[in-house]
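Next come the chains, spelled out residue by residue.
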Amino acid sequence: MKLTIEKMVYGGDGLAHLPPDSSGRGKTAFVPFVLPGEEVEASIAEEKPGFIRAKAEQTVATSPQRVEAPCPYFLRCGGCHYQHTSYENQLAIKSQILRETLLRTAKIDWKGEIQTLASPPWNYRNRTRMKMQHTPFSLGYYRFNSHELLPVEVCPISSKLINTAIEMTWKLGRADAVENTIVEIEFFANADDDRLLIEIYLSAKGNDSLLEKSAAKFFKSLAKELPEVSGVAAFFNGPAAQSFGYEGADSLQYKTGVAEFRVSAGSFFQVNRFLIDDLVKTATAHASGSLAWDLYAGVGLFSATLGKTFERVIAVEAGTASADDLKHNAPRAVKAIQATTEAFLNSKGKRPKPDFILVDPPRAGLGQAVAKRLAAIEAGAITYVSCDPATLARDLRVLLDSGYKIEQIHLADLFPQTFHIETIVRLSR
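Residues numbered from 1 in each chain as written. Predicted model: local features only at pLDDT ≥ 70, side-chain atom pairs only at ≥ 80, totals over all residues. Heavy atoms only, no water.

## Focus: unusual backbone geometry
Stage number 1. For the peptide bond that leads from T135 to P136, omega is -5°, which places it in the cis range.
Stage number 2. The residue P136 is located in the loop between β8 (127-134) and β9 (137-142) in this model.
Stage number 3. Positive phi is not limited to glycine here, since H286 has a value of about 65°.
Stage number 4. Summarising the element assignment, H286 is placed in the loop between α4 (276-284) and β17 (289-295).
Stage number 5. Of the residues examined, H286 reaches a relative accessible area of 76% and is grouped as exposed. (Helix = DSSP H or I, 4+ residues; strand = E, 2+ residues; numbered from the N terminus. Buried < 20%, exposed > 50% of the residue type's maximum accessible area, 1.4 Å probe, protein only.)

## Details of the sheet that holds strand β4 (residues 28-32)
Whether parallel or antiparallel, the strands of a sheet pair through hydrogen bonds between backbone atoms.
Stage number 1. Overall, mixed pairing links the six strands, which are arranged β1-β5-β6-β4-β3-β2 in an open sheet. Of all strands in the sheet, those bounded by a partner on one side alone are β1 (2-4) and β2 (7-8).
Stage number 2. Where β2 lies against strand β3 (residues 13-17), two bridges are found, and the strand directions are antiparallel. Opposite K7, over in β3, you have L15 as the bridge partner. (Pairing = 2+ DSSP bridges.)

## Quick word on the side chain of N272
Stage number 1. The topology assignment puts N272 in the loop between β16 (260-264) and α4.
Stage number 2. Here N272 falls in the buried class, since its relative accessible area comes to 1%.
Stage number 3. Here the side chain of N272 touches L275 through a polar contact of 3.1 Å, landing on its backbone nitrogen.
Stage number 4. Side-chain polar atoms of N272 contact the backbone oxygen of L414, separated by 3.1 Å.
Stage number 5. In this structure, N272 is in contact with S119, Y124, N126, D413, L414 and P416, ignoring residues within four places of it in sequence. (Polar contact = N/O pair within 3.5 Å; in protein donor to acceptor, adjacent residues only side chain to side chain. Contact = heavy atoms within 4.5 Å.)

## Some details on the side chain of N163
Stage number 1. Among the secondary structure elements, N163 is positioned in helix α2 (residues 160-174).
Stage number 2. Residue N163 is classed as buried on the basis of its relative accessible area of 13%.
Stage number 3. At 2.7 Å, the side chain of N163 forms a polar contact with the backbone nitrogen of C155.
Stage number 4. When near neighbours in sequence (up to four residues on either side) are disregarded, N163 contacts N123, V154, C155 and S158.

## Quick look at the environment of R397
Stage number 1. Residue position: R397 is located in helix α9 (residues 389-401).
Stage number 2. Spatially, the C-alpha atom of R397 lies 5.7 Å from that of A106, the residues being 291 residues apart in sequence.
Stage number 3. Setting aside residues no more than four positions away along its own chain, R397 makes contact with A106, K107 and I108.

## Notes on the pattern of salt bridges
Stage number 1. Under the definition given, this model contains 19 salt bridges.
Stage number 2. Between R53 and D13 there is a salt bridge, and its shortest N-O distance comes to 3.3 Å. Here R53, found in strand β6 (residues 51-61), pairs with D13, found in strand β3; they are 40 residues apart in sequence, far enough to count as distant.
Stage number 3. You can call D13 buried: its relative accessible area is 13%.
Stage number 4. The salt bridge involving E46 is made with R53; its shortest N-O contact spans 3.8 Å.
Stage number 5. Overall, R53 belongs to the partly exposed group, its relative accessible area being 32%. (Salt bridge = Lys/Arg side-chain N within 4 Å of Asp/Glu carboxyl O.)

## A few points about the layout of surface pockets
Stage number 1. If you add up the space inside the largest pocket, you get close to 1,200 Å³.
Stage number 2. If you go around the largest pocket, you meet 49 residues; those closest to its centre are R125, V271, R363, F415 and H420.
Stage number 3. Among the elements of the structure, β8, β9, β11 (182-189) and β18 (310-317) are those that each provide at least two residues to the lining of the largest pocket.
Stage number 4. Ranked by residue count, the leading element in the lining of the largest pocket is β8, at five residues.
Stage number 5. Tallied by class, residues from the lining of the largest pocket come to 25 nonpolar, 14 polar and 10 charged.
Stage number 6. Its boundaries defined by the atoms lining it, the second largest pocket holds a volume of some 670 Å³.
Stage number 7. Forming the walls of the second largest pocket are 27 residues, and the residues nearest its centre are P32, F33, K55, L75 and F144.
Stage number 8. If you list the elements that add at least two residues to the lining of the second largest pocket, you get β4, β5 (39-47) and β6.
Stage number 9. Residue contributions to the lining of the second largest pocket peak at six residues, all from β6.
Stage number 10. Within the lining of the second largest pocket, the residues separate by chemical class into 13 nonpolar, eight polar and six charged. (1 Å grid on protein atoms, 1.4 Å probe; cavity = no way out; pocket = protein on both sides within 12 Å on 5 of 7 lines; lining within 4 Å. Points joined across faces, edges and corners; volume = space filled by probe spheres on them. Nonpolar A, V, L, I, M, F, W, Y, C, P; charged D, E, K, R; others polar.)

## Side note on the packing of aromatic side chains
Stage number 1. Inspection of every chain in the model, using the stated rule, returns 11 aromatic pairs.
Stage number 2. Seen from their ring centres, W293 and F344 are 5.0 Å apart, and the 80° between their planes marks the pair as edge-to-face. A residue pair is termed long-range when its members are at least 10 positions apart, and W293 in strand β17 and F344 in helix α7 (residues 341-346) qualify at 51 residues. Accessibility assignment for this pair places W293 and F344 in one class, buried.
Stage number 3. A centroid spacing of 6.0 Å and a plane angle of 20° characterise the contact between F310 and F356, whose relative ring orientation is stacked. Linking F310 in strand β18 with F356 in strand β20 (residues 356-359), this pair joins segments that are 46 residues apart in sequence.
Stage number 4. Judged by relative accessible area, F310 falls into the buried class, the value being 4%.
Stage number 5. Feature note: the residues F188, Y254, F261 and F269 constitute an aromatic cluster, connected by ring pairs.
Stage number 6. Lying across the ring of F344, R351 places its NZ or CZ 4.2 Å from the centre.
Stage number 7. Stacked on the ring of Y404, the Lys or Arg R429 has its end atom at 4.8 Å from the ring centre. (Phe/Tyr/Trp six-rings, centres within 6.5 Å; stacked < 30°, edge-to-face > 60°. Lys NZ or Arg CZ within 6 Å of the ring centre and 35° of its normal.)

Shape is all these values report; function is a separate question.
Written out as structure tokens, the structure is:
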């Protein structure tokens, strides 16, 4: 069947429609790895009552925005979605999707500019997690739309040091020098891309002794090939129970333009090594006063800057590893609290109203309960840092209905070549 691609939608697909049927307009079709305006011969990959998922078998009319993808795994790997178009067009696509998502999900018709923070499009990731199998040895990502492992020996969106570590891990695996209990591995590089923390995930269950033994063995093997490895932390698909390496090897020191942060195994940290300073500067711009709240604070990336422009900052983080790092990293003006944001907002007792609140929730967003409670605080300004436009739109609707208005929207492209959209929204009352 022939399809004409109308536009791109969140998730990386192009949207088209089948010819009208007896009930009226034809079904919606979602097609990956296409571009607006293209005509494709497609086959049905999956059919649902209201839509189909299709595969482009041949491009009949090609978009002038189409380019040759540089990665040999593109189209087969599920990690990237936009390598077939120029980086400038990727930014245009994401801006269009963000506007449409705000309008469709929350009836927010934003007519203002969406200011863009662009990133170098390659070697930007400071953290990469890969699957591992052993018979025969293979390291890679899931194939597109599957849970089948695709062997990958180079990842162009990962940092150069991470790619060297991937190469060395393949070398060890081919030499049968990697324990068969390891099913996943994560590489985390520091800001200068000259030190590396490894996290390994074991399939077997056991005790701390097994974790320590596994981490020590893998560290010993890999450090011979790659002296930049500071240490290895071992997991049982949960919190890191042990680590092994040099002193402080269960963490990295990550230096930004504002401060240096301890980031431990299991802690969250922004993944784009080129945009961290721009992200922080944009999210905290013009924010100053007596009291600020940094909710979902992670290891304190935003708190460090807020501590320079506010007399006091309360930083709230629920994750154990991140909360420990937050307390370690917090400057004098910052009070670190380990709690969920909902528990913090619902805690009893009278406290001063903040002048400014920054929220950086996970992909699920704030949720209605937290959004309503946040709105009731009536802080003068809120900055919302979001990694999902749909949950962002839902939460913004609550804040706008309570009397806030949008001042600025920034698109921070932390994830070039992928459909993911990071957004910074500044609101005021």
